Amino acid sequence: MTIAAENRAEAASVSERDDDVLLEVEQLSVEYASLGAPTRACADVTFSLRRGEILGVVGESGSGKSTLITALTRLQRPPAVTTAGRIMYHPRDGSEAIDLVTLTPKRLRELRWTRLSIVLQSAMDALNPVMRLGAQFVDVLRTHDRSLSKAAAWDQARHLLSLVGISADRVRSYPHELSGGMRQRATIALALACRPELIVMDEPTTAVDVVMQRQILAQVLRLRREFGFAVVFVTHDLSLLLELADRIAVMYAGRVVELAAASEIYRSPLHPYTKGLRDSFPPLHATATRLEGIPGTPPDLRALPAGCSFAPRCPRAFDRCERELPLPRTRGDREVACHLHDEEVPA
Ligand code: SF4
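Each chain carries its own residue numbering, running from 1 in the direction its sequence is written. Only residues with pLDDT of 70 or above have their local features reported here, since the model is predicted, and side-chain atom pairs are shown and tallied only from 80 upward, although totals for entire chains, interfaces and linings are computed over all residues. Heavy atoms from the whole structure form the basis of all side-chain values; hydrogens and water molecules are not counted.

A. Spatial organisation of the pattern of salt bridges. We define a salt bridge as a side-chain nitrogen of Lys or Arg found within 4 Å of a carboxyl oxygen belonging to Asp or Glu. Enumeration according to the criterion identifies 23 salt bridges in this entry. Glu 110 is the salt-bridge partner of Arg 107, the closest N and O atoms lying 2.9 Å from each other. Separated by three residues within a single helix, Arg 107 and Glu 110 lie in helix 3 (residues 105-111), roughly one turn from each other. Only protein chains enter the area calculation, which uses a 1.4 Å probe; residues under 20% of their type maximum are buried, those over 50% are exposed, and those in between are partly exposed. The class of Arg 107 is partly exposed, set by a relative accessible area of 34%. Classification of Glu 110 by relative accessible area gives partly exposed; the value is 35%. Because the salt bridges share partners, they merge into one network encompassing Asp 20, Arg 51, Arg 92 and Glu 197. Under the scheme used here, helices are H or I runs from DSSP no shorter than 4 residues and strands are E runs no shorter than 2 residues, and both carry numbers assigned from the N terminus.

B. Layout of the site of the ligand. Proximity is defined per residue: any heavy atom of the residue falling within 4 Å of a molecule or strand makes that residue near it. Near the ligand there are 13 residues, and of these Cys 308, Cys 314, Cys 321, Cys 338 and His 339 occur at the shortest range. Along the lines of polarity and charge, the residues of the shell around the ligand split into 10 nonpolar, two polar and one charged. Residues are sorted three ways: Asp, Glu, Lys and Arg are charged, Ala, Val, Leu, Ile, Met, Phe, Trp, Tyr, Cys and Pro are nonpolar, and all the rest, Gly among them, are polar.

C. Examining the sheet that holds strand 6 (residues 116-119) more closely. Sheet architecture is open: eight strands sit in the order 6-7-8-3-9-10-12-11, paired in mixed fashion. Taken across any chain shown, the strands that pair with only one partner, and hence form the sheet edges, are strand 6 and strand 11 (329-331). Recorded for the sheet is a direction-independent mean angle of 20° between the axes of neighbouring strands. Pairing geometry for strand 7 (residues 198-202) and strand 8 (residues 230-235), over five bridges, is parallel. Its bridge partner lying in strand 8, Val 200 is registered against Val 232. The contact rule is simple, with two residues in contact once any of their heavy atoms fall within 4.5 Å. To get an axis, fit a line to the C-alpha atoms, keeping to the stretch in contact for a helix; angles then go from 0 to 180 degrees between the N-to-C directions. Against the sheet, helix 2 (residues 65-72) contacts strand 3 (54-58), strand 6, strand 7, strand 8 and strand 9 (247-252), and its axis sits at roughly 150° relative to strand 8. Any two strands with at least two DSSP-identified bridges between them are counted as paired.

D. Just the packing of helix 5 (residues 133-144) against helix 6 (residues 150-163), in detail. Contact geometry for helix 5 and helix 6: axes closest at 9 Å, N-to-C directions at 115°. The handedness of the crossing between helix 5 and helix 6 comes out as right-handed. On the side of helix 5, the interface is formed by Leu 133, Gly 134, Ala 135, Phe 137, Val 138, Leu 141 and Arg 142, while helix 6 contributes Lys 150, Ala 153, Trp 154, Gln 156, Ala 157, Leu 160 and Leu 161. Split by residue class, the contact of helix 5 with helix 6 holds 10 nonpolar, two polar and two charged. Helix crossings fall into two classes, left-handed where the near helix is turned counterclockwise from the far one by less than a right angle and right-handed where it is turned clockwise.

E. Representation of the pairing of strand 2 (residues 39-50) within the structure. Bridge count for strand 1 (residues 21-32) against strand 2 is eight bridges, and the pairing is antiparallel. Following the sheet pairing, Val 21 is matched in strand 2 by Arg 50. Turn length for the strand 1-strand 2 hairpin, with the two strands adjacent in sequence and antiparallel, is six residues.

F. Region of interest: the sheet that holds strand 4 (residues 80-89). Here four strands make up an open sheet; going across it, the order is 2-1-4-5 and the pairing antiparallel. Each end of this open sheet is capped by a strand with a single partner; those strands are strand 2 and strand 5 (98-99). Contacting strand 1, strand 2 and strand 4, helix 2 crosses the sheet at an angle of about 120° to strand 1.

G. Molecular detail of the pairing of strand 4. Pairing between strand 1 and strand 4: eight bridges, direction antiparallel. Looking at strand 4, one finds that Val 25 is bridged to Ile 87.

H. Looking closely at helix 7 (residues 180-192). By this rule the span expected of a helix is its residue count minus one, scaled by 1.5 Å. Here helix 7 is 13 residues long and its end C-alpha atoms lie 19 Å apart, about the 18 Å a rise of 1.5 Å per residue gives. When you tally the buried positions in helix 7, you get 12 out of 13 residues, the bulk of the element. Among all positions of helix 7, only Gly 181, Met 182, Arg 183, Gln 184, Arg 185, Ala 186, Thr 187, Ile 188, Ala 189, Leu 190, Ala 191 and Leu 192 are buried. At its buried positions, helix 7 is contacted by strand 6, helix 4 (123-126), helix 5, helix 6, strand 7 and helix 8 (210-227).

I. Local environment of the side chain of Gln 184. As for its position among the elements, Gln 184 is in helix 7. What makes Gln 184 buried here is its relative accessible area of 2%. Dropping the residues within four chain positions of it, Gln 184 is found in contact with Val 119, Leu 120, Gln 121, Ala 123, Pro 204 and Ile 216.

Structure representation (structure tokens):
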């Protein structure tokens, strides 16, 4: 079974089994302060994430996807500042929802690893190069469970590594003694250490070859099935998300311009930018066609056009697009921000 087919079957069972909301991001805006006017890198981003769901976030460089995940995980540093919005986390035990934006640093430390963890693009940024792999697991495990003995923590480290296909005897290796793919899988195992409900993955397969990429994606799906965590998976590669994600949020110039099931994004993208992204990679199961690509480059966030930010590159732009910002509209169970899909505009 392909990763996509396996995921569709899983997605159906996940949503049937449990469709309650884990995270609600509401009107989130992030700005970068500067000497002149601040630059808005994320604007009014709104979406929700169900328990056990994989939400893909896709966009070109500068689309705001990295800014979004540093805001989600509260890893952002000045000059980036969350200027508006809420990130409501709904604990599994049914207790009151928590706004991650306003959480105190102490409460945030308690939630990290245990409820929310992150896998970074570069495993070497996540792993301590002068600590043995196992010691890094032990560190995380015992910080969040003081009652855990050292021996039990080392055993758990071996078990976690074996979950991602790394031999248990590697527990005493240093990160530089592992291949790039093993290091990346080790960071996924580390993210799982305290059984979080949500793992944010920032382009975790960018630095590995395609064979290793497929192995990692298959492992993420298997582990999701086993442990039931949700994933926000950020990448510039839409074809990868079409195989992995349940739903996909497409970002452009700091805004979510389309949000829909992965199958709908593939079959019938509504936003011209989504269509351009989809048509930028070759179909796997159809005859070879000339790839279209998207003309032009992403806009400068410091000088966005008054209307739709995609207008200068959009093959379907019309007068109104240059004057008026398209707002997100609900169309069935998907959302799109494009004047072509405003009710009052004839097709
Ligand atoms: Fe193209 Fe206009 Fe839609 Fe923007 S609003 S994507 S310019 S058609």
